[in-house]
Amino acid sequence: MIVPLIPLMAKHILAIDQGTTGSTALVVALDGSTLGRTTTEFPQHYPRPGWVSHDVGEIWTSVEASVTGALKSAGVRGADIAAIGITNQRETTVVWERTSRKPIDLAIVWQCRRTADVCEALKKDPRTVARVREKTGLVIDAYFSGTKIAWLLDNVPGARARAGQGKGELAFGTIDCWLVSELTAGDVHATDVTNASRTLLMNLARAEWDPELLEVFHVPAEVLPKIVGSAEVVGKTRGVRFLPDGVPIAGIAGDQQAALFGQACFREGDAKCTYGTGAFALMNIGSRPILSEHGLVTTAAWRIGKDTTYALEGSAFIAGAAVQWLRDGLGIIGSAKDIEALARKVPASDGVVFVPALAGLGAPHWDPGARGTITGITRGTTAAHLARATLEGIAFEVRDLLVAMAQDAKRPLSVLRVDGGAAANDLLMQFQADVAEVTSERPTDIESTGRGAAMLAGIGAGLFPSLESVSKMMKVDRRFEPAMGAPDRAAHLKRWEEAVRRTRSLPSSS
């Protein structure tokens, strides 16, 4: 007799999408439809300029409110949930007491720059830079978790002594790991391979904590969680006020990897781009962790069973935030959704180019000193031309990421799947297809992160036997085919490249 992994009557998946400014819970049916969704924001803390912190107690309150709201809006009970999937803001670092489960300090958020000086000191040693890059696929930066852990251990009185020396009184985790601990009443201390790959401490090829890296970043092994797969039952709920005991936690992935999975980018060469405040592009590169030669990072995409899939990742710091600047800074639109109607008032940008480097240039340029630039302005330039140039600038940024990915992977993109709020903009999506020369596919539900967590949980709980079967949860709403002629595309790219050159604070390495 085969014992099912889940209760026979449980038919739905709960996805917890714990983000930087809010927590979202979704109740998802096995056909991929969202039955209920609730988002709850929580406060941001800025102890000093450049520092960003979260109170994980406030995060937990937001998770409870969102799960309760999603269940209510879906009209289901906790007993109807077959499995839980978790996706999370990556790199954000929590250290807590194992016995009490109380954090020793506020969590250090991925955006926080308090360890930038430590990273700059480490980067003075070329050998260290090369070894970290070779082993992790990442660059040494305060963005990642490694130096955040050491900062907490060194700056909270007594923490380092309690963490190491065989005592093991403290535990480290990214937000996924901390949520698993809370959901299981401290029974489970585990993180999945995608989140572990963002710490600067995991050997990417082996998917194991690396002793040499622990020494480089001064992190004791005793605080580290077990690394698990992205689709397996890692524990069951216990003692949670808003969920019954015994619900399996069966899927975990960092937010961008969850979006890649939620877009069913299962074939080597498949790619997705999430258009949010920034733009995050990831490309499935298969079973080998290729190191980028074009300014990208390499990361674990997911692990199912014994098989790890890897991805190249690049990010543009400003995407949707450029539209917000038009709204809040210039006041030329009343809301973000107004930009498409304004941009459509003109047939073209008439040579106006906006490089939205409002927070420097990210991949593949990596120029933090770059500043936003608008070129090609004439007396005939209107707000509509600037609106159109803003959308085009976002597409150009993403196109640069996709070109770098294709060069690193030594293969063209087979498809670009798009999600995030700005993916609802048809003008942007068509221009993206045109300048990148790739068919773009938009799903019916453009919030792919939570769906990806649900899909991973579905596989982990045995609800779906294969990637092919779970891919049915993702449904394409519209395809955008390249329609721009080669001469027009070449002219656009020439203007863009010249504008980027003028934007740079550093000489181009290309």
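Further up the page is the structure itself.
Structural notes, computed from the coordinates. (Residues numbered from 1 in each chain as written. Predicted model: local features only at pLDDT ≥ 70, side-chain atom pairs only at ≥ 80, totals over all residues. Heavy atoms only, no water.)

### Describing the packing of aromatic side chains
So the rule is basically this: A pair of aromatic rings is counted whenever rings of Phe, Tyr or Trp (Trp by its six-membered ring) have centres within 6.5 Å, and the orientation is called stacked for planes under 30 degrees apart, edge-to-face for over 60 and tilted otherwise. Put simply, DSSP H or I for four residues or longer makes a helix, DSSP E for two residues or longer makes a strand, and each gets a number counted from the N terminus. Burial classification: accessible surface area is computed with a 1.4 Å probe over protein chains only, and a residue below 20% of its type maximum counts as buried, one above 50% as exposed, and the rest as partly exposed.
As enumerated under the stated definition, the model contains eleven aromatic pairs in all. Seen from their ring centres, Trp 110 and Tyr 143 are 5.9 Å apart, and the 75° between their planes marks the pair as edge-to-face. Taken together, the residues Trp 110 in the loop between strand S7 (107-108) and helix H2 (116-122) and Tyr 143 in the loop between helix H3 (126-136) and helix H4 (146-155) connect sequence positions 33 residues apart. Relative accessible area serves as the criterion here: at 24%, Trp 110 is assigned to the partly exposed category. Residue classification places Tyr 143 among the buried positions, given a relative accessible area of 18%. For the pair Phe 396 and Trp 496, a centre-to-centre distance of 4.9 Å together with 20° between the ring planes defines the contact as stacked. In this pair, Phe 396 is assigned in helix H12 (residues 383-409) and Trp 496 in helix H16 (residues 486-503), connecting sequence segments 100 residues apart. The exposure class of Trp 496 is buried, given its relative accessible area of 2%.

### Overview of the side chain of Thr 390
Rules: When checking whether two residues touch, look at their non-hydrogen atoms; a contact exists if any pair is within 4.5 Å.
Tracing the backbone through its elements, the reader meets Thr 390 in helix H12. Residue class for Thr 390 comes out buried when judged on its relative accessible area of 0%. In contact with Thr 390, not counting residues within four places along its chain, are Ala 322, Val 323, Leu 326, Ile 339 and Phe 354.

### A look at the side chain of Thr 237
Here is the rule: N or O atoms closer than or at 3.5 Å make up a polar contact, with two conditions inside protein: a donor-capable atom paired with an acceptor-capable one, and, for residues adjacent in sequence, both atoms drawn from side chains.
Summarising the element assignment, Thr 237 is placed in the loop between strand S13 (235-236) and strand S14 (248-254). At a separation of 2.6 Å, a polar atom in the side chain of Thr 237 contacts the main-chain carbonyl oxygen of Pro 244. Leave out the neighbours within four places in its chain, and Thr 237 touches Ile 84, Leu 183, Leu 243, Pro 244, Asp 245, Gly 246 and Val 247.

### Observations concerning unusual backbone geometry
A cis amide bond links Ala 363 to the next residue, Pro 364, at an omega of -5°. In this structure, Arg 101 is a non-glycine residue whose phi angle is positive, near 65°. Among the secondary structure elements, Arg 101 is positioned in the loop between strand S6 (93-97) and S7. Classification of Arg 101 as partly exposed rests on a relative accessible area of 27%. The phi dihedral of Asp 350 falls on the positive side, at around 55°, and the residue is not glycine. Within the secondary structure, Asp 350 sits in the loop between helix H11 (339-343) and strand S19 (353-355).

### Notes on the packing of helix H1 (residues 56-74) against helix H6 (residues 175-183)
Rule in force here: The axes used here are C-alpha line fits, helices contributing only the stretch in contact, and every angle between their N-to-C directions lies in the interval 0 to 180 degrees. Roughly parallel covers angles under 35 degrees, roughly antiparallel covers those over 145, roughly perpendicular covers 65 to 115, and oblique covers all other angles. By definition, turning the near helix anticlockwise from the far helix through less than a right angle yields a left-handed crossing, and turning it clockwise yields a right-handed one.
Running from amino to carboxyl end, H1 crosses H6 at an angle of 70°, the nearest separation of the two axes being 12 Å. In terms of orientation, H1 lies roughly perpendicular with respect to H6. As for the relative orientation of H1 and H6, their crossing is right-handed in sense. Residues Val 56, Ile 59, Trp 60 and Val 63 of H1 lie in contact with H6, whose contacting residues are Ile 175, Trp 178, Leu 179, Glu 182 and Leu 183.

### Some points on the environment of Arg 131
Mapped onto the secondary structure, Arg 131 falls in helix H3. The class of Arg 131 is partly exposed, set by a relative accessible area of 25%. Along the sequence, Arg 131 and Leu 213 sit 82 residues apart, while their C-alpha atoms lie 8.7 Å from each other.

### A closer look at the environment of Ser 66
With respect to the element layout, Ser 66 can be found in helix H1. Along the sequence, Ser 66 and Ser 349 sit 283 residues apart, while their C-alpha atoms lie 42 Å from each other. Once residues within four sequence positions are removed from consideration, Ser 66 is found in contact with Ser 23, Thr 24, Ala 25, Thr 38, Thr 39 and Thr 40. Side chain to side chain, Ser 66 and Thr 40 meet in a polar contact 2.9 Å long.

### Considering the packing of H12 against H16
Heads up, the condition is: Under the convention adopted here, Pro, Cys and the residues Ala, Val, Leu, Ile, Met, Phe, Trp and Tyr are nonpolar, Asp, Glu, Lys and Arg are charged, and Gly plus all remaining residues are polar.
Two numbers describe how H12 lies on H16: the axes approach to 11 Å, and their chain directions differ by 85°. Judged by the angle between their axes, H12 and H16 are roughly perpendicular. Along its contact with H12, which presents Glu 392, Gly 393, Phe 396, Glu 397, Arg 399 and Asp 400, the element H16 presents His 492, Leu 493, Trp 496 and Glu 497. A per-class count over the contact of H12 with H16 returns three nonpolar, two polar and five charged.

### Points about the sheet that holds strand S22 (residues 440-443)
Applicable threshold: At least two bridges found by DSSP between two strands are what make those strands a pair.
As summarised here, the arrangement of the seven strands in space is S17-S18-S16-S15-S21-S22-S23, forming an open sheet in which the pairing is mixed. For this open sheet the edge positions go to strand S17 (297-304) and strand S23 (476-480), each flanked by a neighbour on one side alone. The average angle at which neighbouring strand axes cross in this sheet is 25°, direction not considered. The sheet contacts of helix H9 (residues 255-262) involve strand S15 (270-275), strand S16 (279-286), S17, strand S18 (307-316) and strand S21 (415-419), and relative to S17 the element is tilted by about 60°.

### Structural notes on the sheet that holds strand S5 (residues 81-88)
As summarised here, the arrangement of the six strands in space is S3-S2-S1-S5-S14-S13, forming an open sheet in which the pairing is mixed. Both edges of this open sheet fall to strand S3 (34-41) and S13, since each of them pairs with a single strand only. In this sheet, S5 lies alongside strand S1 (residues 12-18) in parallel orientation, the contact comprising seven bridges. Residue pairing across strands places Leu 14 opposite Ile 84, the latter belonging to S5. The strands that H1 touches are S1, strand S2 (22-29), S3 and S5; relative to S3, the one it contacts most, it runs at about 155°.

### What about the pattern of salt bridges?
This is how the line gets drawn: For this document, the term salt bridge refers to a Lys or Arg side-chain nitrogen within 4 Å of an Asp or Glu carboxyl oxygen.
Across all of its chains, the model carries 36 salt bridges by this definition. Glu 208 is the salt-bridge partner of Arg 206, the closest N and O atoms lying 3.3 Å from each other. When its relative accessible area of 45% is taken as the criterion, Arg 206 is described as partly exposed. Glu 208 sits in the partly exposed class, given a relative accessible area of 42%. A salt bridge links Glu 498 to Arg 501; the shortest N-O distance between them is 2.6 Å. Of this pair, Glu 498 and Arg 501 both sit in helix H16, three residues apart, which is roughly one turn of the helix. Overlapping salt bridges, with partners in common, bring together Arg 131, Glu 134, Lys 135, Arg 206, Glu 208, Asp 210 and Glu 212 in one network.

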